[in-house]
Amino acid sequence: MRFSLAVIPLVLFAALAGVFLLNIDKDASVVPSVLIDKPAPDFSLPPLPGRENGLSRADLIKGEVSVLNVFASWCIPCRAEHPLIKRLSQEAGVSVFGLNYKEKDPQDGAKWLDELGDPYQAVGMDLSGRTGIDFGVYGVPETFIIDGTGQIRYKHVGPVTPDVLEKVLLPKITELKG
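Rules of the game
- Residues numbered from 1 in each chain as written.
- Predicted model: local features only at pLDDT ≥ 70, side-chain atom pairs only at ≥ 80, totals over all residues.
- Heavy atoms only, no water.
- Helix = DSSP H or I, 4+ residues; strand = E, 2+ residues; numbered from the N terminus.
- Buried < 20%, exposed > 50% of the residue type's maximum accessible area, 1.4 Å probe, protein only.
- Contact = heavy atoms within 4.5 Å.
- Areas by Shrake-Rupley, 256 points an atom, 1.4 Å probe, with all protein chains shown as cover.
- Core = buried A, V, L, I, M, F, W, Y, C linked by side-chain atoms within 4.5 Å.
- Disulfide = S-S within 2.5 Å.
- Salt bridge = Lys/Arg side-chain N within 4 Å of Asp/Glu carboxyl O.

Here we look at the overall build of the protein chain
Right, so step 1: Along the protein chain, the regular secondary structure elements total 6 helices and 7 strands.
Right, so step 2: Moving toward the C terminus, one meets the helices and strands of the protein chain in the order α-β-β-α-β-α-β-α-β-α-β-β-α.
Right, so step 3: Within the protein chain, the proportion of its 178 residues that are buried is 43%.
Right, so step 4: Taking contacts inside the protein chain between residues at least 6 apart in sequence as the whole, the part at least 24 apart equals 74%.
Right, so step 5: For the protein chain, the accessible area works out to roughly 9,800 Å², and carbon and sulfur atoms hold 60% of it.

In structure tokens:
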């Protein structure tokens, strides 16, 4: 009886150590999505205050590769990645759309873009977070690459960094455009 009580914690420790060792060199920013290679969810969002164009699934399926960036004015990493999203919209040769996620005040997203610059073809305001949930958003920022038929081909969780832009997003966009 005493032997089994002593062995149980050792077995549990060994199992837990094994799980940690198996996952030690995995990239935590790569979060598997069940939506990869599936159609983007159907949605229709109103525009930010003072803007003409909202955002819907129809905007993403116009026969060309597009990027959907999920952001919020209260998100500090979104502010850090914003210059790279602007660069992406200028250099990638694709339409970049914004999904403004769960703002407390509908004016906040518009003010944020007025301050930092607006790289988006259109921005949809997702105050409830429902569309974000349909896309499987864990938190902001997140960036999706969608092919011309509306299929989600890539999802990046977390802020876009120069390394991610150069080594992941731009090559993936080029591959899909090719």
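Quick look at the environment of Val123
Right, so step 1: As for its placement among the helices and strands, Val123 is situated in strand β5 (residues 123-126).
Right, so step 2: Here Val123 falls in the buried class, since its relative accessible area comes to 4%.
Right, so step 3: Residues Val123 and Val70, spaced 53 residues apart in sequence, show a C-alpha to C-alpha distance of 9.6 Å.
Right, so step 4: The contacts of Val123, once residues within four sequence positions are left out, are Pro46, Pro47, Leu48, Asn53, Gly54, Leu55, Phe71, Gly98, Asn100, Leu113 and Asp118.

Details of the nonpolar core
Right, so step 1: By size, the foremost hydrophobic cluster in this structure holds 45 residues, and its most contacted members are Leu68, Leu88, Phe135, Phe144 and Ile173.
Right, so step 2: Broken down by element, the residue count for this core peaks at 5 residues, all from helix α6 (residues 162-177).
Right, so step 3: Not counting chain neighbours up to four residues away, the residues in contact with Phe144 comprise Ser66, Val67, Leu68, Val70, Phe135, Val137, Ile152, Tyr154 and Lys155.

A look at the state of the cysteines
Right, so step 1: If you walk through the whole model with that rule in mind, you get 1 disulfide.
Right, so step 2: A disulfide bridge connects Cys75 with Cys78, and the sulfur atoms are separated by 2.4 Å. Every disulfide takes its handedness from the sign of the S-S torsion; for Cys75 and Cys78 that torsion is 85 degrees, giving right-handed.
Right, so step 3: The exposure class of Cys75 is buried, given its relative accessible area of 4%.

Examining the pattern of salt bridges
Right, so step 1: This structure, assessed with the given rule, holds 12 salt bridges.
Right, so step 2: Arg51 is the salt-bridge partner of Asp114, the closest N and O atoms lying 3.1 Å from each other. One end of the pair, Asp114, is in helix α4 (residues 106-116); the other, Arg51, is in the loop between β1 (44-45) and β2 (55-56), with 63 residues separating them in the sequence.
Right, so step 3: In this structure, Asp134 and Arg130 form a salt bridge, with 2.8 Å as the shortest nitrogen-oxygen distance. Of the two residues, Asp134 and Arg130 both sit in helix α5 (residues 130-134), 4 residues apart, roughly one turn of that helix.
Right, so step 4: Under the relative-accessibility criterion, Asp134 is labelled partly exposed at 30%.
Right, so step 5: Taken together, the shared-partner salt bridges in this structure form one network comprising Asp37, Asp147 and Arg153.

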